[in-house]
Number of protein chains: 4
Amino acid sequence: MIRIFVTGGTFDKTYDEIRGGLSFGDTHLPEMLRLGRSRVEVSVRTLMMIDSLEMTEADRELVVRNCQQCDESRIVVTHGTDTMVETAAALARGVAGKTIVLTGAMIPYAFGSSDGLFNLGSALSFAQTLPPGVYIAMNGQHFAWDTVRKNRQTGVFEPI
Amino acid sequence: MIRIFVTGGTFDKTYDEIRGGLSFGDTHLPEMLRLGRSRVEVSVRTLMMIDSLEMTEADRELVVRNCQQCDESRIVVTHGTDTMVETAAALARGVAGKTIVLTGAMIPYAFGSSDGLFNLGSALSFAQTLPPGVYIAMNGQHFAWDTVRKNRQTGVFEPI
Amino acid sequence: MIRIFVTGGTFDKTYDEIRGGLSFGDTHLPEMLRLGRSRVEVSVRTLMMIDSLEMTEADRELVVRNCQQCDESRIVVTHGTDTMVETAAALARGVAGKTIVLTGAMIPYAFGSSDGLFNLGSALSFAQTLPPGVYIAMNGQHFAWDTVRKNRQTGVFEPI
Amino acid sequence: MIRIFVTGGTFDKTYDEIRGGLSFGDTHLPEMLRLGRSRVEVSVRTLMMIDSLEMTEADRELVVRNCQQCDESRIVVTHGTDTMVETAAALARGVAGKTIVLTGAMIPYAFGSSDGLFNLGSALSFAQTLPPGVYIAMNGQHFAWDTVRKNRQTGVFEPI
């Protein structure tokens, strides 16, 4: 059984027809799992639904506490890419003995051309096979939390 | 570096406008990797482009030989689901010391609602992390080649 | 109020995951109208759900009778492209004083890349503005029923 | 031959991966016409690429002048929905003897679930069949320019 915690990010941005802009509604996670015909046993919980640039220390603590206290030892966290590395660091400081994989998307799933479905399949697979630790899974790759940064110019996660 | 061998299957079926039926053209693999923003180093080679129900022993031998002889020790094979288990068995008999992951799709990628992108992200991730052996990766799960069968009624891969 | 009669055709072909081939299920018309945010008042009725190559004279008579007997004087018929012209001729012989627009698709709607949504918007618009008569609306164009044929080589409707 | 003038609007909004927001790039019109397998003879020209809330009187004059001066007597203008009615009024004041159809979308085409393809098929069809005048074509319906308003609460064009 894998626990999935949803925090928002580009993954879950949707288009608000009335305002003509981007917004957050319900998570697309269950629909994505259905579309991917996933048969991985998961339990999904939405912790927040925000842009990761607006994530506060209190928000981050909430993510850490949920990862500590849940029964599952294998966890996927969906997260905006801009501060994914900061949350990964907080998780590494606060949670031991669990395999935690953070993932996200560069393009909202609600846009047809999303990398989200690819990343979700990837993150769930890494979460099943990697040893305890905190990882970032993007672009089909995985990185230990303290070996990666997001390049803001190119939008790509790269090793440091 | 991961080697990807393409053999066809539902993954790559496309709709032939003139004949009004399904057919095979070029593989969608490069487009799918681009859509998924994959940054995994891969080298893609199409071995055949057929429905796996029509795969002969000679075709299967070609897949085995290519997996034996390529330089890479981590390999993904895209394959029709109907005889994926048979090819996995042939690979297990014929190739040693490599991590080989077979994957496919229940719905063609060319149909918007495909599980192919999810499975491709999953298969590439399993190929990076599993020890040598032959595996089937479908529905976000992975199975050792001799522990799984396709249920023809439900279309689902299940443990035996 | 526009009456829509559904007869099947490529428009409504879907992919059967279990058999691995094309098949017909329920019509996608209501979903397409929702996606197109259509606010045209319509009443949809499925007459049959078949490939137009298999349409018999009895089937064709059923279409004619329904167009005769319905209250609406503006009608859209979704139809396979291969024998659309034959059904149009039968309608021209059998129904007077109504605007009947036949339309279809070269690619199933269930495939992301469909011309069906474009053709549906087009057919509903022609049905609102053309004088009584029987027309074929494909590729954004409209043709009086006896001035057009389908070019089987190119898949295109062209004037004769 | 139909002239298409592109002015931007939701129709053409795209997702900027680096900034994580909506933006305008090149128009999707040619791609949409290809996807719809349109065979209507058109000539496409981009006049501007802006949100219609930011359209100035000078911008509006530019649209009017282009509609006056082009050779074609049947014109489609793609436009943001928020001020579509204002531009329609300017066109009605400034251009005589031509059939001008304004259309747009509630959801960007780049999002899979767009009404844009439906509206484009509809607008091109109305442009071929309506008498000279200025019209708004949205949701499969058409309205003379001075008989419609956008309901900002529901996002729907409704008769006045």
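Residues numbered from 1 in each chain as written. Chains lettered and ligands numbered in written order. Predicted model: local features only at pLDDT ≥ 70, side-chain atom pairs only at ≥ 80, totals over all residues. Heavy atoms only, no water.

A word on the interface of chain A and chain B
Next, step 1: At the interface, 28 residues of chain A touch 28 residues of chain B.
Next, step 2: Both sides together, the interface formed by chain A and chain B hides about 2300 Å², and carbon and sulfur atoms give 63% of it.
Next, step 3: Interface area lost by chain A to chain B is led by Arg37, Arg39 and Phe118 of chain A, which between them contribute 28%.
Next, step 4: On the surface where chain A and chain B come into contact, there are 0 salt bridges.
Next, step 5: At the junction of chain A and chain B, the tally comes to 11 residue pairs in polar contact (both at pLDDT 80 or more).
Next, step 6: Secondary-structure elements contributing two or more residues to the side of chain A that touches chain B are α4 (116–129) and β8 (141–144) of chain A.
Next, step 7: No other element matches the 11 residues that α4 of chain A contributes to the side of chain A that touches chain B.
Next, step 8: Across the side of chain A that touches chain B, the residue classes tally to 11 nonpolar, 14 polar and 3 charged. (Contact = heavy atoms within 4.5 Å. Buried area = accessible area lost by both parts, 1.4 Å probe. Salt bridge = Lys/Arg side-chain N within 4 Å of Asp/Glu carboxyl O. Polar contact = N/O pair within 3.5 Å; in protein donor to acceptor, adjacent residues only side chain to side chain. Helix = DSSP H or I, 4+ residues; strand = E, 2+ residues; numbered from the N terminus. Nonpolar A, V, L, I, M, F, W, Y, C, P; charged D, E, K, R; others polar.)

As for the side chain of Ser38 of chain D
Next, step 1: Along the polypeptide, Ser38 of chain D turns up in the loop between α1 (29–35) and β4 (42–50).
Next, step 2: A polar side-chain atom of Ser38 of chain D sits 3.3 Å from the main-chain amide nitrogen of Val40 of chain D.
Next, step 3: Apart from residues no more than four positions distant in its own chain, Ser38 of chain D is found in contact with Phe118 and Asn139 of chain C together with Leu33 and Leu124 of chain D.

Looking at the packing of helix α4 (residues 116–129) of chain C against helix α4 (residues 116–129) of chain D
Next, step 1: The N-to-C vectors of α4 of chain C and α4 of chain D enclose an angle of 35°; their axes lie 7 Å apart at closest approach. For α4 of chain C against α4 of chain D, the interelement crossing comes out right-handed. Contacts between α4 of chain C and α4 of chain D pair Leu117, Phe118, Leu120, Gly121, Ser122, Leu124, Ser125, Phe126, Gln128 and Thr129 of chain C from the former with Leu117, Phe118, Leu120, Gly121, Ser122, Leu124, Ser125, Phe126, Gln128 and Thr129 of chain D from the latter. (Axes fitted to C-alpha atoms, helices over the stretch in contact; angles between N-to-C directions. Left-handed = near helix turned anticlockwise from the far one by under 90°.)

What to know about the relation of the copies chain A and chain B
Next, step 1: Of the transformation superimposing chain A on chain B, the axial component is 0.0 Å and the angular component is 180°, with the fit at an RMSD of 0.0 Å. In symmetry terms, the pair is related by a two-fold rotation axis.
Next, step 2: A shared interface surface links the copies, since 100% of the contact residues of chain A are contact residues in chain B too. (Least-squares fit on C-alpha atoms with pLDDT ≥ 70 in both.)

Quick notes on the pairing of strand β1 (residues 2–8) of chain C
All names here are of chain C.
Next, step 1: Along β1, 7 of the 7 residues are buried, which leaves the element largely enclosed by surrounding structure.
Next, step 2: Where β1 meets strand β4 (residues 42–50), 6 bridges bridge the pair, whose relative direction is parallel. Its bridge partner being in β4, Ile4 is matched across the sheet by Val44.
Next, step 3: Pairing geometry for β1 and strand β5 (residues 74–78), over 4 bridges, is parallel. Bridging from a neighbouring strand, Arg3 pairs with Ile75 of β5. (Buried < 20%, exposed > 50% of the residue type's maximum accessible area, 1.4 Å probe, protein only. Pairing = 2+ DSSP bridges.)

Some points on the relation of the copies chain C and chain B
Next, step 1: Its rotation angle being 180°, the transformation that places chain C on chain B also includes 0.0 Å of axial translation and leaves an RMSD of 0.0 Å.
Next, step 2: When you check the interface residues of chain C against chain B, 100% turn up at the interface there too, and the contact is symmetric in its surfaces.

Some points on the side chain of Asn139 of chain D
Next, step 1: Here Asn139 of chain D shows up in the loop between β7 (133–138) and β8 (141–144).
Next, step 2: On the basis of relative accessible area, Asn139 of chain D is assigned to the buried category, the value being 4%.
Next, step 3: A polar contact of 2.8 Å, which involves the side chain of Asn139 of chain D, links it to the backbone oxygen of Arg37 of chain C.
Next, step 4: In this view, Asn139 of chain D contacts Gly36, Arg37, Ser38, Arg39 and Val40 of chain C together with Phe118, Asn119 and Phe157 of chain D; residues no more than four positions away in its chain are not counted.

Re the nonpolar core
Next, step 1: Grouped together as the largest cluster of nonpolar side chains are 48 residues, with contacts concentrated most on Ile4, Leu120 and Leu124 of chain C together with Ile4, Leu120 and Leu124 of chain D.
Next, step 2: Elements represented by at least two residues in this core include exactly β1, α1 (29–35), α4 and β7 (133–138) of chain C together with β1 (2–8), α1, α4 and β7 of chain D.
Next, step 3: Ignoring anything within four residues of it in the chain, the contact list for Ile4 of chain C reads Leu29, Leu33, Val42, Ser43, Val44, Arg45, Val76, Thr78 and Leu124 of chain C.
Next, step 4: Counting residues in hydrophobic clusters, the runner-up holds 46 residues, among them Phe126 of chain A together with Val6, Met49 and Ala123 of chain B. (Core = buried A, V, L, I, M, F, W, Y, C linked by side-chain atoms within 4.5 Å.)

Quick look at unusual backbone geometry
Next, step 1: In this structure, Arg37 of chain C takes a positive phi of about 50° despite not being glycine.
Next, step 2: Among the structural elements, Arg37 of chain C can be located in the loop between α1 and β4.
Next, step 3: For Asn139 of chain D, which is not a glycine, the phi torsion comes out positive at approximately 60°.

Let's talk about the interface of chain C and chain B
Next, step 1: On the chain B side, the residues contacting the 18 residues of chain C number 18 residues.
Next, step 2: Summing the contributions of chain C and of chain B, the shared interface buries around 1400 Å²; its carbon and sulfur component is 62%.
Next, step 3: A per-residue breakdown of the area chain C buries against chain B is headed by Tyr15, Ile18 and Phe111 of chain C, which together make up 40% of the total.
Next, step 4: Linking chain C with chain B are 0 salt bridges.
Next, step 5: Across the chain C-chain B interface, the total number found is 6 residue pairs in polar contact (both at pLDDT 80 or more).
Next, step 6: Listing elements by their share of the side of chain C that touches chain B, those giving two or more residues are β2 (13–16) and β3 (21–24) of chain C.
Next, step 7: Partitioning the side of chain C that touches chain B into residue classes produces 8 nonpolar, 7 polar and 3 charged.

Let's talk about the pairing of strand β9 (residues 148–151) of chain C
All names here are of chain C.
Next, step 1: Alignment of β9 against strand β10 (residues 156–159), held across 4 bridges, turns out to be antiparallel. Looking across to β10, one finds that Val148 is bridged to Pro159.
Next, step 2: Linking two consecutive strands that pair antiparallel, namely β9 and β10, is a turn of 4 residues; a positive phi of about 80° is found at Gly155 within it.

Function cannot be read off these values alone, since they describe shape.
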